[in-house]
Every structure is written in structure tokens, then in C-alpha cells.
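# Structural features, examined
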Amino acid sequence: MLATDIIAKKRDGLELTREELQTFIEGIVSGAIPDYQIAAWLMAVYLRGMTLQETINLTFAMAHSGRVMDLADIAPFVVDKHSTGGVGDKTTLVVAPLVASTGLPVGKISGRGLSFTGGTVDKLESVPGLRCDLTVSEFKKCLRSHGIALSGQSHDLAPADGILYALRDVTATISSIPLIASSIMSKKIAAGADGIVLDVKVGHGAFNKTLDDAEALATLMLNIGHGMGRKMAAVLSNMDQPLGNAVGNALEVVEAIDTLRGRGPADLIEQCLTLATQMLLVAGRAQTQEQALELLQDSLRNGSALEKFREWIMAQGGDPRVVNNPGDVLPSARFSTVLRAEVSGWVCAVNALEIGMAALSLGAGRTRKGDAIDPSVGIVLHRKTGDRVGHGDPLCTVHSSFAPDSEPFREVQKRIEGAYRFSREPVPKPELILKILSPQALHQAD
């Protein structure tokens, strides 16, 4: 079977078989198929699309292009969550220990941040000593002993995805829904979880700008997971403004700890409880949302979620003092500057993309894989959409490594101020949870 035949078949809009996709993915990983043929195939997929069965078969081939973790010897059911990325999204830092504290094991393979979206691994590595470069045996040992483990993606998990993603980035094929879905789900399948809850973001600070686009992606991923024997659910959530108040790695760790203490921002608490509820439901640990919510709120109230976080940090080599004294343990920025409102009224918008790009300019993110980041810098919002603001009230605090009278800081300030919009009339708080989907509610469709 020649690569050119597979490319031509997809070019002509025909459905590729499981064997054809398996052959093509094997050729990608072995190096037998050159980049220019892979690029041609990617463009054919981008233009012609894929059926559901094709996408399931592609995901299976990508997931099995390297090592597939088997967690059956750890627990009868292990759950994971995945976010499509956002600004200020530190939900894993809260949700993972919260769910694990109820007795449901959480095993997660996470990525690093790129561009304006933060990565869970980067946030966790703000804690001195904490390791996210676990081997498979270390990951499984931590999960078995503590009911929770998180590691960065290793090169032997779904290696085909890394090759395809790099080429999608330079061939204008990033936005193909089948390629996005198979990329995400192949890594999740290879990581071995039995249940997966997806957090698909919608809005200015997300890849999906409309609810229809987000629902199409979520539906496809749910059906892929369902077709491969996973228990699935998806939460579609608003990313027009940052989630919570903190944007920046160490700052988000502090906010996550506050949330586990029950003192976090209302939107972050709502998001975390919604995701955690779905994780308990897909695992069968609760029969109703009300039952799941009661279990989770008990864990927050009695402190077991916070203690699980402490246990998790210690298990992966981090300094447990971060729980009680984060200011003594986490890195802090050289400068802290409050930006104040120049008008009175109500905040009607805080553009998540612009806040994320401002944090990126401060050094909180990276523009290329492998770039160094500064874990101490970022932005803490004091006013968000729907809040009343008076002239001179603080809008946010900028934590930076450069002085407030410097040109780089002025550029960041300009970007942040441009992210805010104001109204003379009261503005309602935006809806956060837009929709919840599960395979049982979906039609199997291409």
C-alpha cells in the first residue's frame, strides 16, 4: 500500500479504512513517509474532512503509535480531565485533589503552556522541588499510593501526534476538527484513563470562538471516546474573560490553594465543582449531580481536598509548606503595580485573549516550545465583567520583572487597559457553564 494511494483516496473525498490509516501512521513514526507526503495528506483531510469512523480509526492508530498505559492494576476505574486551553484556567490544581479526596483515582498527563494559554505542568513546577517528568513506573506508583498523579507527556506516548502537530502548525491545517479531536483523544487514550471529562472553552480566549464550533468539537471527541470504550462527558464553558482572578503560574497556584480552602473566586469554584461532578458521574461514584455535589462539598468543608493537595505535592517532590505559607515558598516578582480605573461605571468586558497576551509579554508564557518562562509574573484581576467600578478603583495588579516606568511595562499596561470595556449602566455577570454533554445525549454522526 503506497502513501500516494492513501493521499489520493482522501484527496478524492473517500473514506480511508482502518488498515490504511494504521499503515500511514506507522509510516509517519518510522520515518518511511516523508514530511511532504504527510503535509499533502493533512491538507487533504483539512479540505475533505473525515467520517466519525475514520476519525475513531485515526485516533486508535495514533494512540497505539507508541506506548499505551494500562492502569487496570492500579484501580478498577481511573478518571482524567482535559481542557482545550484558556486564560487563568487552573482547574486541574483544584479538581484533581478534590476528586481524588473522594476515593476516585485521578491520573493525568498534562502539557506545557504555549502562547497565551497556561499549562498545568508549568503551574505545578512553580512549587520548588516538584517534578512532573515522571516515568511510567513513577506515575503508576504515585497513582497507586496516593490516588493522584500528574506528569508531562513523554515522547513514547502517542508519538505520531507530535509529528503531525508540528506539521499542522506550518501547513495551515491546525483548525481541522477531525485532526484536533484525534490529537487530543489519542493522548488521552494512550494515558490509560477509563473516564475522561472534557472542558471545551468558548470565546475570546479560546480556540473555539462560537458555541456551535465548540459543540461540534466536543461531540466528535465524546463519540471518539465512546467508540473506544471510554466513559465520557464534556462541559462547554465561557472563556470570554479569564477564569478566576489570577493569570500567571505561581499566582494561579495560590488561587488554587485558596479555592481548596473554600475562599476562591465564585466562577472558579463553579467551574471546578461542575467538572468534578461530571468526573464522579462518569465513574459511577454518584448517581445524580446532587449526590456528586454533596460529596465534593463535604471534601472541601472537612479539609480532605486540601490535604490531598498537600499529599500530592509531597508525593511528586514539592515543598508541602506551599499549602500554609505560599508566600514563603513560591517565587515572587520583583515589581507589583496596581492599575486603576480612569472611569466610573460597570465593567462590561475583560477580553481574555488580551489579558493572556499581556501575561505572555510579562514572561508568564512561551511563544515556542522549549522557551523559558518566569513563574513569578502575571496579573491578578480585581474587577471583572459585571462589577461596579469607581474612578481610581484598582482594576488589577501586575506582577512583573521590569519596572513600571519602563517601555516594556507601558506596552503591557496599554494591552491590559485595552482589554477592559466599561458601561454607564449595570451589566449582568456572564454565564459560565454554557452546556454539558454526554454520549448518551448525542447522535452518532459524522
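Rules and cut-offs
Residues numbered from 1 in each chain as written. Predicted model: local features only at pLDDT ≥ 70, side-chain atom pairs only at ≥ 80, totals over all residues. Heavy atoms only, no water. Helix = DSSP H or I, 4+ residues; strand = E, 2+ residues; numbered from the N terminus. Buried < 20%, exposed > 50% of the residue type's maximum accessible area, 1.4 Å probe, protein only. Contact = heavy atoms within 4.5 Å. Areas by Shrake-Rupley, 256 points an atom, 1.4 Å probe, with all protein chains shown as cover. Lys, Arg positive; Asp, Glu negative; His and termini not counted. Charge placed at Lys NZ, Arg CZ, Asp CG, Glu CD. Arc of directions from axis to C-beta. Salt bridge = Lys/Arg side-chain N within 4 Å of Asp/Glu carboxyl O. Pairing = 2+ DSSP bridges. Axes fitted to C-alpha atoms, helices over the stretch in contact; angles between N-to-C directions. 1 Å grid on protein atoms, 1.4 Å probe; cavity = no way out; pocket = protein on both sides within 12 Å on 5 of 7 lines; lining within 4 Å. Points joined across faces, edges and corners; volume = space filled by probe spheres on them. Nonpolar A, V, L, I, M, F, W, Y, C, P; charged D, E, K, R; others polar. Core = buried A, V, L, I, M, F, W, Y, C linked by side-chain atoms within 4.5 Å. Disulfide = S-S within 2.5 Å.

### Details of the overall build of the chain
The helix and strand inventory of the chain stands at 17 helices and 13 strands. Each principal axis of the C-alpha distribution contributes one length, and for the chain these read about 70 × 45 × 40 Å. Going through the 446 residues of the chain one by one, you find that 56% of them count as buried. The long-range fraction of contacts in the chain, counting pairs at least 24 apart against all pairs at least 6 apart in sequence, stands at 78%. When the accessible surface of the chain is summed, it comes to about 18300 Å², and 51% of that surface belongs to carbon and sulfur atoms. Averaging the locations of the 44 positively and 50 negatively charged side chains of the chain gives two centres separated by 2 Å.

### A look at helix H7 (residues 136-146)
Listed as buried for H7 are Val136, Phe139, Lys140, Cys142 and Leu143. The arc enclosing the buried residues of H7, seen along the axis, measures out at 160°, which places them on a common side. Facing away from the buried side of H7 by more than 90 degrees, the exposed set consists of Ser137 and Lys141. Next to the buried residues of H7 lie strand E2 (106-110), strand E3 (148-152) and helix H14 (304-315). Positive backbone phi, at 75°, marks Gly147, one or two positions downstream of H7.

### Some details on the pattern of salt bridges
Scanning the entire structure with this criterion turns up 25 salt bridges. With a shortest N-O distance of 3.6 Å, Lys201 and Asp89 are connected by a salt bridge. Of this pair, Lys201 sits in strand E4 (residues 195-202) while Asp89 is found in the loop between strand E1 (79-83) and helix H5 (91-100), placing the two residues 112 residues apart along the sequence. Of the residues examined, Asp89 reaches a relative accessible area of 8% and is grouped as buried.

### Observations concerning the sheet that holds strand E10 (residues 388-389)
Here we have 3 strands laid out as an open sheet, ordered E10-E8-E12, and antiparallel in their pairing. Two strands bound the open sheet, and with one partner strand each, they are E10 and strand E12 (420-423). In the packing of helix H17 (residues 407-419) onto the sheet, contacts are made with strand E8 (345-350) and E12, and the angle to E12 comes to roughly 40°.

### A short note on unusual backbone geometry
Phi angles above zero are rare outside glycine, and Ala158 is one such case at about 45°. Within the secondary structure, Ala158 is located in the loop between E3 and helix H8 (159-170). What makes Ala158 buried here is its relative accessible area of 1%. In this model, Ala172 sits at a positive phi of 60°, which is unusual for a non-glycine residue.

### Focus on empty space enclosed by the protein
Summed over the entire model, instances satisfying the criterion amount to 3 cavities of 30 Å³ or more. Going through the elements one at a time, H5 and helix H12 (266-282) are the ones with two or more residues in the lining of the second largest cavity. Classifying every residue of the lining of the second largest cavity by side-chain character gives 6 nonpolar, 1 polar and no charged.

### As for the side chain of Gln37
Secondary-structure assignment places Gln37 in helix H3 (residues 35-48). Of the residues examined, Gln37 reaches a relative accessible area of 16% and is grouped as buried. Setting aside residues up to four positions removed in sequence, Gln37 forms contacts with Ala3, Thr4, Ile7 and Phe24.

### Looking at the nonpolar core
General note: in soluble globular proteins, nonpolar side chains tend to be found buried as a group. Membership of the largest hydrophobic core comes to 78 residues, with the highest contact counts inside it found for Val99, Val322, Ile355, Ile379 and Ile416. One finds Met185, Ala193, Met228 and Leu236 within the second-largest nonpolar core, a separate group that totals 25 residues.

### Some points on the pairing of E3
Where burial is concerned, most of E3 is hidden: 4 out of the 5 residues are buried. Pairing of E2 with E3, which is carried by 5 bridges, proceeds in the parallel orientation. Bridging across to E3, Val106 finds its partner in Ile148.

### Topic: the state of the cysteines
What the rule picks out here adds up to 0 disulfides. Cysteine Cys142 is unpaired, with the sulfur of Cys132 as its nearest cysteine sulfur at 10 Å. With no disulfide of its own, Cys348 lies 16 Å from the sulfur of Cys396, the closest cysteine sulfur. Its relative accessible area of 31% is what places Cys348 among the partly exposed residues.

### Regarding the layout of surface pockets
The volume enclosed by the second largest pocket comes to roughly 420 Å³. Around the second largest pocket, the lining comprises 27 residues; the ones closest to its centre are Gln241, Asp267, Lys384, Thr385 and Pro430. Elements that contribute at least two residues to the lining of the second largest pocket include exactly H12, E8 and H17. Looking at the lining of the second largest pocket, the element that brings in the most residues is E8, giving 3 residues.

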